[in-house]
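Here's the letter readout for the chains.
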Amino acid sequence: MKNKTPILQDLHGRDHGYLRISLIERCNLRCSYCMPEEGVLLSPKSHLMTYEEIYEIAKTFVKHGVTKIRLTGGEPLVRKDIPVILEKLATLPVELSITSNAVIIDKFIDVLKVNGVHKINISLDSLSREKFKHITRRDQFEVVYKNMLLLVEEGFKVKVNVVLMKGFNENEIIDFINLTKNLPIVVRFIEFMPFDGNKWDMSKMVSYKEVMTYVNASFSEAHIQRLQDAPNDTSKNYKISGYKGSFAVISSVTNPFCDSCNRLRLTANGQLKNCLFSAAESDLLTTLRQGNPIEPVIQKAVQAKFKIRGGMDTLEKLQEPKRHNNNRSMITIGG
């Protein structure tokens with residue numbers, strides 16, 4: 001008798017062992033690439049997953065092969081029951097991590113440690129207070145920078161995510177890399193990606209190739225080390241010899257990593273997205289609340305995953321607004 005296909009394996013043979021769960025659509029920053037200027041229509045509270053529902057859905061994914069869960073938002077730490085969510089998920093045999101803007105993370109150091117959360121991604125798009133204020137629409141640079149240093153001091157493995165936008169922060173690439181001289185952090189430069197309401201176009205994007213042009217102009221070839229990328233890694237990793245930390249480029253637009261993608265996303269209102277670029281969603285929360293098994297919905301969603309970028313397999317397709325304007329804003333997908 002033929003073995004059944006695992007429910008987290010798609011039709012291209014990719015196994016999905018990594019689940020990103022958005023806990024909340026709200027955020028205490030207003031980053032322009034993540035949220036439209038006019039804001040977003042938030043889901044009513046009754047439409048959002050409770051902590052029990054988050055746990056039940058996560059438990060199902062872990063049962064079928066998920067080994068890594070990352071909590072995102074919005075800003076996950078503004079959710080009032082975050083300690084309970086962490087405590088529940090920490091009982092699962094899974095690596096638990098979190099993405100935060102670090103504005104209030106100093107209040108959660110002990111909660112994160114006790115629940116085994118050692119890996120933290122923080123967002124920081126500029127080392128200039130004025131630029132930070134412009135992009136986030138909030139004056140919180142000093143707080144975020146101080147909390148980044150605190151996380152390092154407390155022994156967390158910290159990655160700093162930098163969304164690059166032409167004419168805004170590409171002149172800070174080397175400043176960010178120089179942060180890794182004395183700090184054991186990973187700075188990750190992310191190509192600006194299209195989402196509903198963020199006014200994306202190719203001309204605003206700083207490509208992987210352009211990032212490396214800056215790097216090669218500032219450091220000798222002998223000092224730029226190409227590191228071994230981890231399996232299923234989204235980034236191309238580098239290090240300047242003698243520096244404590246490293247840097248990387250996530251080239252989702254110009255050089256996508258779809259062949260090795262092992263990620264699925266669960267939105268705060270319980271919709272499963274099989275790809276960041278895809279507008280298609282599968283409703284796990286309603287199925288769960290009806291008392292029905294969610295496995296068939298998961299399997300159907302996973303098997304519907306396109307081979308490349310939600311079906312946008314060329315840059316020409318990616319540049320067609322109709323292909324991504326039906327997608328959510330990043331804040332309601334989950335970072």
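Residues numbered from 1 in each chain as written. Predicted model: local features only at pLDDT ≥ 70, side-chain atom pairs only at ≥ 80, totals over all residues. Heavy atoms only, no water.

A.B. asks: So what's going on with the overall build of the chain? Which residues, and what values?
C.D. replies: If you tally the helices and strands in the chain, you get twelve helices and twelve strands. Across the 335 residues in the chain, those meeting the buried criterion constitute 53%. Sequence-distant contacts in the chain: of pairs separated by 6 or more residues, those separated by 24 or more amount to 73%. As presented, the chain carries roughly 15,400 Å² of accessible surface, and 52% of it is formed by carbon and sulfur atoms. (Helix = DSSP H or I, 4+ residues; strand = E, 2+ residues; numbered from the N terminus. Buried < 20%, exposed > 50% of the residue type's maximum accessible area, 1.4 Å probe, protein only. Contact = heavy atoms within 4.5 Å. Areas by Shrake-Rupley, 256 points an atom, 1.4 Å probe, with all protein chains shown as cover.)

A.B. asks: Tell me about the pattern of salt bridges, and please be specific about residues and values.
C.D. replies: Taken as a whole, this structure holds eleven salt bridges when the rule is applied. A salt bridge links Arg14 to Asp10, with the shortest nitrogen-to-oxygen separation between them at 2.6 Å. Judged by relative accessible area, Asp10 falls into the buried class, the value being 3%. Taking the shortest distance from any N to any O, the salt bridge between Glu172 and Lys131 comes out at 3.3 Å. In this pair, Glu172 is assigned in the loop between β5 (157–164) and α6 (173–179) and Lys131 in helix α4 (residues 129–136), connecting sequence segments 41 residues apart. With a relative accessible area of 5%, Glu172 lands in the buried category. Linked by salt bridges that have partners in common, Arg129, Asp139 and Glu142 make up one network. (Salt bridge = Lys/Arg side-chain N within 4 Å of Asp/Glu carboxyl O.)

A.B. asks: Outline the sheet that holds strand β6 (residues 186–191), supporting the account with residue identities and numerical values.
C.D. replies: Across the sheet, which stays open at both edges, the twelve strands sit in the order β7-β8-β9-β6-β5-β4-β3-β2-β1-β10-β11-β12 with mixed pairing between neighbours. Two strands in the sheet have a free side with no partner beyond their single neighbour: β7 (224–226) and β12 (282–283). In this sheet, strand β9 (residues 246–250) lies alongside strand β8 (residues 236–240) in antiparallel orientation, the contact comprising three bridges. When the bridges of β9 are listed, Lys236 appears paired with Val249. Seen against the sheet, helix α1 (residues 51–63) touches β1 (18–22), β2 (68–72), β10 (263–266) and β11 (271–273) and runs at an angle of roughly 170 degrees to β1. This element, helix α2 (residues 82–89), spans β2 and β3 (95–100) of the sheet and lies at about 175 degrees to β2. (Pairing = 2+ DSSP bridges. Axes fitted to C-alpha atoms, helices over the stretch in contact; angles between N-to-C directions.)

A.B. asks: Go over the pairing of β8, please, and point to the residues and values.
C.D. replies: Counting buried positions along β8 yields five of five residues, so the element is predominantly enclosed. Alternating residues of β8 divide into Lys236, Tyr238 and Ile240 and Asn237 and Lys239, and every residue in both groups is buried. With antiparallel pairing between neighbouring strands as the criterion, β8 and β9 make up a hairpin whose turn holds five residues, including Gly242 at a positive phi of roughly 90 degrees.

A.B. asks: Before we move on, could you go through the packing of aromatic side chains and cite the residues and values that matter?
C.D. replies: Aromatic ring pairs: the centre-centre distance and the angle between the two ring planes describe each pair. Applying the stated criterion across every chain, the model contains five aromatic pairs. Measuring from ring centre to ring centre gives 6.3 Å for Phe176 and Phe189, while their planes differ by 85 degrees; the resulting arrangement is edge-to-face. Placement of Phe176 in helix α6 and of Phe189 in strand β6 is noted, with a sequence separation of 13 residues between them. Residue class for Phe176 comes out buried when judged on its relative accessible area of 1%. Classification of Phe189 by relative accessible area gives buried; the value is 0%. (Phe/Tyr/Trp six-rings, centres within 6.5 Å; stacked < 30°, edge-to-face > 60°.)

A.B. asks: Could you give an account of the state of the cysteines, with specific residues and numbers?
C.D. replies: In this structure the tally under the stated criterion is zero disulfides. Cys261 takes part in no disulfide bond, and the closest cysteine sulfur to it belongs to Cys275, at a distance of 6.7 Å. The thiol sulfur of Cys275 is not disulfide-bonded, and the nearest other cysteine sulfur, from Cys258, lies at 6.3 Å. The exposure class of Cys275 is buried, given its relative accessible area of 14%. (Disulfide = S-S within 2.5 Å.)

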